[in-house]
Amino acid sequence: MTEVLAVDAVDVTKRYGDLTAVDAITLQVAQGEVYGVLGPNGAGKTTFLRMLFGLIRPDAGTIKLFGQTWEHTGPRTLDGVSGFIESPKFYPYLSGRKNLAGLARLDGGATPRRLDEVLEIVDLIDRADHKVGGYSFGMRQRLGVAASLLRDPQLLVLDEPANGLDPAGMRDMRSLIKRLAAGGLTVLLSSHDMSEVEEICDNVTIMRTGSVVYHGEISALRDQAPEQGHRIHTDDDQRARERAARHPGLQVTLAPDGGLVVEGSQHDVDAYVTTLVTSGIAMRGLELTETPLETLFFMLTESAPGGVPNELDRRPIGAVR
Ligand SMILES: Nc1ncnc2c1ncn2[C@@H]1O[C@H](COP(=O)(O)OP(=O)(O)OP(=O)(O)O)[C@@H](O)[C@H]1O
Ligand SMILES: [Mg+2]
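Summary of the structure given here. None of these values were measured; they are calculated from a predicted model.

A word on the sheet that holds strand β4 (residues 60–65). Strand order across the open sheet formed by three strands is β2-β1-β4, with antiparallel pairing between neighbours. The sheet is open, and its two edges are formed by β2 (19–29) and β4, each paired on a single side. For this sheet, the mean inter-axis angle between neighbouring strands, taken without regard to orientation, is 20°. The pairing of strand β1 (residues 7–16) with β4 spans five bridges and is antiparallel. Note on β4: the bridge partner recorded for A9 is I63. Packed on one face of the sheet, helix α1 (residues 45–52) meets β1, β2 and β4 and runs near 120° to β1.

Another aspect to go through is the site of ligand 1. Around ligand 1, the neighbouring residues are Y16, L19, A21, P40, N41, G42, A43, G44, K45, T46, T47 and E160. In this structure, A43 approaches ligand 1 through a main-chain N or O atom, which is 3.1 Å from an oxygen atom. Surface burial for ligand 1 is 62%, taken as the share of its 640 Å² of free accessible area covered by protein chains. Contributing elements (two or more residues each) for the shell around ligand 1: β2 and α1. Of all the elements, α1 adds the most residues to the shell around ligand 1, at three residues. Of the residues that constitute the shell around ligand 1, the class distribution is five nonpolar, five polar and two charged.

Before going further, it helps to examine helix α4 (residues 112–121). Restricting attention to buried positions, one finds in α4 the residues R114, L115, V118 and L119. Projected onto a plane normal to the axis of α4, the buried residues spread over an arc of 135° and lie on a single side. Counted as exposed and oriented over 90 degrees from the buried face of α4: P112 and R113. The inward-facing, buried residues of α4 contact α3 (96–106) and α5 (137–149). Immediately beyond the C-terminal end of α4, within one or two residues, lies D123, with a positive phi of roughly 65°.

Moving on: the sheet that holds strand β6 (residues 155–159). Pairing within the open sheet is mixed, and its six strands lie in the order β5-β6-β7-β3-β8-β9. Strands with a single pairing partner mark the edges of an open sheet, and in this sheet they are β5 (81–84) and β9 (211–217). Pairs of neighbouring strands in the sheet enclose a mean axial angle of 15°, with direction left out of account. Pairing geometry for β5 and β6, over four bridges, is parallel. Residue pairing for β6: S82 is matched across the bridge by L156. On top of the sheet, α1 reaches β3 (34–38), β6, β7 (186–191) and β8 (203–208); it is set at about 150° to β7, its chief contact. Sitting on the sheet, α5 is in contact with β5 and β6, with an inclination near 165° to β5.

Mapped onto the secondary structure, S191 falls in strand β7. Given the relative accessible area of 1%, S191 is considered buried. Side-chain polar atoms of S191 contact the side chain of E196, separated by 3.2 Å. If near-sequence neighbours (up to four positions away) are discounted, S191 is found in contact with V37, L38, G39, K45, E160, E196 and V197.

Counting 49 residues, the largest nonpolar core has L100, L143, V145, L189, M194, I206 and L221 as its most contacted members. Among residues more than four places away in sequence, those in contact with V145 are F84, V122, L156, L158, M173, L176 and L180. By size, the runner-up hydrophobic cluster in this structure holds 28 residues, among which are L27, V29, Y35 and F66.

Thresholds applied
- Within each chain, residues carry numbers counting from 1 in the order of the written sequence.
- Both sets of labels track the order of writing: A upward for chains, 1 upward for ligands.
- Local features in this predicted model are restricted to residues of pLDDT 70 or higher, and side-chain atom pairs are both shown and tallied only at a pLDDT of 80 or more, whereas totals for entire chains, interfaces and linings draw on every residue.
- Hydrogen atoms and water are omitted, and side-chain values are computed over all heavy atoms in the structure.
- At least two bridges found by DSSP between two strands are what make those strands a pair.
- Helix and strand definitions follow DSSP, with helices as H or I runs of at least four residues and strands as E runs of at least two, each counted in order from the N terminus.
- Orientation is described by axes fitted as lines to C-alpha atoms, over the contacting stretch for helices, and by angles from 0 to 180 degrees between their N-to-C directions.
- Throughout, a residue-residue contact means that at least one pair of heavy atoms, one from each residue, lies within 4.5 Å.
- Whether a residue is near a molecule or strand depends on its heavy atoms: if one lies within 4 Å, it is near.
- We call two N or O atoms a polar contact when they sit within 3.5 Å, provided that within protein one can donate a hydrogen and the other can accept it, with sequence-adjacent residues counted only if both atoms are side-chain atoms.
- The accessible surface values rely on the Shrake-Rupley method and a 1.4 Å probe; as for residues, cover is taken only from the protein chains in view.
- Basically, the charged four are Asp, Glu, Lys and Arg, the nonpolar ten are Ala, Val, Leu, Ile, Met, Phe, Trp, Tyr, Cys and Pro, and anything else, Gly included, counts as polar.
- Only protein chains enter the calculation, and the probe is 1.4 Å; a residue is then buried if its accessible area is under 20% of its type maximum, exposed if over 50%, and partly exposed in between.
- Working note: the arc is built from the helix axis to C-beta atom directions.
- Among buried residues, the Ala, Val, Leu, Ile, Met, Phe, Trp, Tyr and Cys ones that are joined through side-chain atoms within 4.5 Å form a nonpolar core.

Here it is as structure tokens:
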């Protein structure tokens, strides 16, 4: 018998007046995987997650969490499920530990040992007795994860857990999620940042204005990503741009904020750099632009409807299972 899916959402739709915030989203999360719902602002990520938590009702479609639906099981649908929507909120004048103890009391209680355990997991044990008002943003996000872990969930749903974190905070959040997943927890998280999810998620659904533009494995997406882009700075960008004519395999454009953006194979980029230097053009910088997956993400989510590459547009739902 196949294991019941942690999340089985079929054709889930939510409308606000004329706006379809979530348009027939179908998404399955297997137990034990880390799944990403990815999309720019307004894509419908939070609306979708709100429906999972039963905070708002879908206008159409069905949602099952471990085989249970809100219609049949009510709030018990959330047994084994926890997480947060947007930013977790705490009393700033209470310590992290007291906030957790208060939340635990509302949810069946937790032993002091369990409080210590979850604070330990999110690396806040040393600051547990300090007021939350003095916590950094990243510490509050991690306290949110600790609060979610109190009920020892099987599925953790996190809405943009790394939003607003600095690179170190993002790294800490990524490694926390990886540790939790390694312990067998299923994680469904949303994000607007491809670089945040590409390292930790097995599968992703990419949304744009309520609809799915890609659904599948990160590895399959990576295979379809364009070449790595480069940004070049020289002492004479105009002349460097003219030299690009000798390299038809490359696309070289002047970046509005300075320098040149060079797209093409690594081999062609190397040859172009050599041309510049042998032409007496001095190189002042060579850096990578966004990763190929980020470029693909922008292509998928920024192009006008209908402008998405065919092979990626509305990939059949369930293609990976
Ligand atoms: N209660 C509401 N009433 C009216 N429109 C809403 C409501 N909630 C969300 N929307 C609209 O639904 C769309 C999706 O919003 P949602 O918050 O789900 O996007 P998101 O992907 O979470 O974006 P962000 O990255 O900014 O958090 C937006 O156009 C938003 O304005
Ligand atoms: Mg949101």
